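Summary of the model geometry
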Amino acid sequence: MDFIIKNSKVLTNNKLIQTDVFISQGKIKEIKKNINYPCKIYDFKNHILVPGLIDVHTHLREPGYEYKETIKSGTKAAAHGGYTDICCMPNLNPNTDSLETVKNLLKLIKDKALINVYPFCSITKGRKGKGEIVDIKKISKYAIGFSDDGTGVSDQNLMLKAMKEVKNNSSIISAHCEDLKFIKPNGSINQCLFSKKNNIPSISNESEYKSVERDLMLAKKTGCKYHVCHISTKQTIELINKFKTKNISCEVTPHHLLLNDSILSNHGKYKVNPPLRSIKDQKALIENLKKGNIDLIATDHAPHAAKEKNNILTKSAFGIASIDYAFPLLYTNLVLKKIISLPKLIALMSLNANKIFTHLPNNEIKVNNHASFMIFDPKKYHNISKNKILSKSKVTPFGGWKCTGWVKMTVCNGKIVYYEK
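Described in the following lines is the structure provided in the data block. (Residues numbered from 1 in each chain as written. Predicted model: local features only at pLDDT ≥ 70, side-chain atom pairs only at ≥ 80, totals over all residues. Heavy atoms only, no water.)

1. Topic: the overall build of the protein chain
In terms of regular secondary structure, the protein chain is built from 13 helices and 20 strands. In terms of overall dimensions, the protein chain is globule-like: its C-alpha atoms have a radius of gyration of 21 Å, near the 22 Å expected for 421 residues. Taken over the C-alpha atoms alone, the protein chain extends approximately 65 × 50 × 40 Å along its principal axes. Across the 421 residues that make up the protein chain, the buried fraction comes to 62%. Pairs at least 24 apart in sequence give 72% of the contacts found in the protein chain among residues at least 6 apart. Taken as a whole, the protein chain presents about 17300 Å² of accessible surface, with 48% of it coming from carbon and sulfur. Distance from the positive charge centre (65 side chains) to the negative charge centre (36 side chains) of the protein chain: 4 Å. (Helix = DSSP H or I, 4+ residues; strand = E, 2+ residues; numbered from the N terminus. Rg over C-alpha atoms; globule rule 2.2 N^0.38 Å. Buried < 20%, exposed > 50% of the residue type's maximum accessible area, 1.4 Å probe, protein only. Contact = heavy atoms within 4.5 Å. Areas by Shrake-Rupley, 256 points an atom, 1.4 Å probe, with all protein chains shown as cover. Lys, Arg positive; Asp, Glu negative; His and termini not counted. Charge placed at Lys NZ, Arg CZ, Asp CG, Glu CD.)

Set out below in structure tokens:
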């Protein structure tokens, strides 16, 4: 369908300009004022048009856990949040750990997804973090990369072998860094005053940064492209800065940027892995985000059924599901508070992604590029509430937060996949 977006402010070449955009045959054909053709027109005066968001860390739960989320519900929530491209993690049933399972998943994605979805395959068979690595050579052309997300690869020699194979096949490891030696049995939250006072088993900073330190040395040795998932500690970002090369990258989540362990109560909505850390850790992440030391913001959208989250911490599932509202949350709390600029936020949530994951698209707003973008309202405020969440997962620590920047339209490859009239 051909259509015109009129009168919006458009983020192009890192600048906001008020103009029209003409979309035809899935591409951006013109960017200029006063475009007039006999086609559908959408007037978005007082709105902002930016590149479609890209999330390199999403859990869709299908196949195997459709009661938590499905490919359809998860991509519908993503489109609502302004995302046109997402990478889904392999902790499914069956795990995405073979040529057969990844091909079956790609078929489901083709049949059900509303936006572009790129699957990760696991590093180890069964995503156990030990035992045998998968057939990386055979799988690599079907996968965006390799990750045992949710499980740390405990065996150093196994990780070394995986990195060599990933390097040889021009792929990337996206690592969940967790050393179980530093986690108490049934560890649920950060090691902090609240965990001690309430006798709740904890997860120390060492569990993350010690694993990152080992892997960074292996990545340096092998030359493997290595991406660190959901960093949460001051020590982790310091290590990444020390080892940083063009092959080393990292992501941070909205919840680790905006929350810390001072808000904890004994409720499952706060339980996430890695856990919400100290104020000192949170400040270090924000400071390094401002300095440009963090490459991406990824949601780690981890949906669960209400019964799995509405419980005490030790009896709840790990995960925060935020893909519906990550952009308005960050636009309100980072851009409007002048911590970072809008172009910087879009780089972190979109444009930097294909510099790291080379099979991902570049969603820049430019003539002859594919038309994948979103339009948001920079003025109208709404609370984050269940009735604004399209994901199956409604339990959130951000409930009641007042945000602006809510998405009004999402276009993926020229197709309108979300539109709030």
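Don't stop here, the text continues.
2. What to know about the environment of P185
Here P185 shows up in the loop between β10 (172–175) and β11 (189–190). Under the relative-accessibility criterion, P185 is labelled exposed at 73%. Placed 17 residues apart in sequence, P185 and S202 show a C-alpha to C-alpha distance of 8.3 Å.

3. As for the nonpolar core
Counting 98 residues, the largest nonpolar core has I173, Y226, L257, I297, F327 and L345 as the members making the most contacts within it. The greatest single-element share of this core, amounting to 7 residues, is contributed by helix α11 (residues 326–335). When residues no more than four places from it in sequence are discounted, the contact partners of I173 are I123, F146, M159, A162, M163, V166, C224, K225, Y226 and H227. (Core = buried A, V, L, I, M, F, W, Y, C linked by side-chain atoms within 4.5 Å.)

4. Here's the deal with the packing of helix α4 (residues 156–168) against helix α6 (residues 206–222)
Where α4 contacts α6, the two axes come as close as 10 Å, and the packing angle between them is 40°. The angle between the axes of α4 and α6 places the two elements in the oblique class. Note that α4 runs across α6; the crossing there is right-handed. Each of Q156, M159, L160, M163, K164 and K167 in α4 lies in contact with α6, whose residues at this interface are R214, D215, L218, A219, K221 and T222. (Axes fitted to C-alpha atoms, helices over the stretch in contact; angles between N-to-C directions. Parallel < 35°, antiparallel > 145°, perpendicular 65-115°, else oblique. Left-handed = near helix turned anticlockwise from the far one by under 90°.)

5. Points about the pairing of strand β7 (residues 83–88)
Of all 6 residues that make up β7, 6 are buried, and the element is covered over most of its length. Where strand β6 (residues 53–58) lies against β7, 4 bridges are found, and the strand directions are parallel. The residue bridging L53 from the neighbouring strand is Y83, located in β7. Where the polypeptide runs from β6 across helix α1 (residues 71–80) and back to β7, its parallel neighbour, the crossover connection is right-handed. (Pairing = 2+ DSSP bridges. Right-handed = clockwise from strand over helix to strand, strands pointing away.)

6. Digging into α6
For α6, which comprises 17 residues, the first-to-last C-alpha distance of 24 Å matches the rise-based estimate of 24 Å (1.5 Å per residue) to within 8%. Those residues of α6 that sit buried are S207, E208, Y209, S211, V212, R214, D215, L216, L218, A219 and T222. Each element contacted by the buried residues of α6 is listed here: α4, β10, β12 (202–203), β13 (225–228), α7 (234–243) and β14 (248–252). Residue G223 follows α6 closely and has a positive phi angle near 75°. (Expected span 1.5 Å × (residues − 1).)

7. Some points on the pattern of salt bridges
Summed over all chains, the structure comprises 13 salt bridges. Two residues, K107 and D111, come together in a salt bridge whose shortest N-O distance is 3.2 Å. Of the two residues, K107 and D111 both sit in helix α2 (residues 99–112), 4 residues apart, roughly one turn of that helix. We classify K107 as exposed; its relative accessible area is 54%. On the basis of relative accessible area, D111 is assigned to the exposed category, the value being 52%. Its salt-bridge partner being K366, residue E364 comes within 3.7 Å of it at the nearest N-O pair. You can call E364 partly exposed: its relative accessible area is 28%. (Salt bridge = Lys/Arg side-chain N within 4 Å of Asp/Glu carboxyl O.)

8. As for the pairing of strand β16 (residues 373–376)
When a strand is regular, its side chains alternate between the sheet's two faces. Neither face of β16 is exposed, since F373 and I375 on one face and M374 and F376 on the opposite face are all buried. Two strands pair when backbone bridges link them, and strand β5 (residues 48–51) and β16 are joined in this way by 4 bridges, in the antiparallel orientation. Across the sheet, residue P51 finds its bridge partner in β16, namely F373. With 4 bridges connecting them, β16 and strand β19 (residues 407–412) associate as antiparallel partners. Bridging across to β19, I375 finds its partner in M409.

9. Side note on the packing of aromatic side chains
The description of an aromatic ring pair uses the distance of the two centres, along with the angle that the planes make with each other. Considering all chains together, one arrives at 10 aromatic pairs under this definition. A ring pair is formed by F44 and Y419, whose centres lie 6.4 Å apart and whose planes are at 70°; its orientation type is edge-to-face. Taken as a pair, F44 in the loop between β4 (40–43) and β5 and Y419 in strand β20 (residues 415–419) lie far apart in primary sequence, 375 residues in all. Plain terms: the ring middles of Y331 and F376 are 5.0 Å apart, the flat faces sit at 65° to each other, and that makes the pair edge-to-face. Placement of the pair is Y331 in helix α11 and F376 in strand β16, with a sequence separation of 45 residues. On the basis of relative accessibility, which here comes to 0%, the residue F376 falls in the buried class. Ring pairs connect the aromatic residues F3, Y42, F44 and Y419, which therefore count as one cluster. A cation over an aromatic ring shows up here: K40 above the ring of Y42, its NZ or CZ 5.5 Å from the ring centre. When the ring centre of W406 is taken as reference, the NZ or CZ atom of K388 above it lies at 4.9 Å. (Phe/Tyr/Trp six-rings, centres within 6.5 Å; stacked < 30°, edge-to-face > 60°. Lys NZ or Arg CZ within 6 Å of the ring centre and 35° of its normal.)

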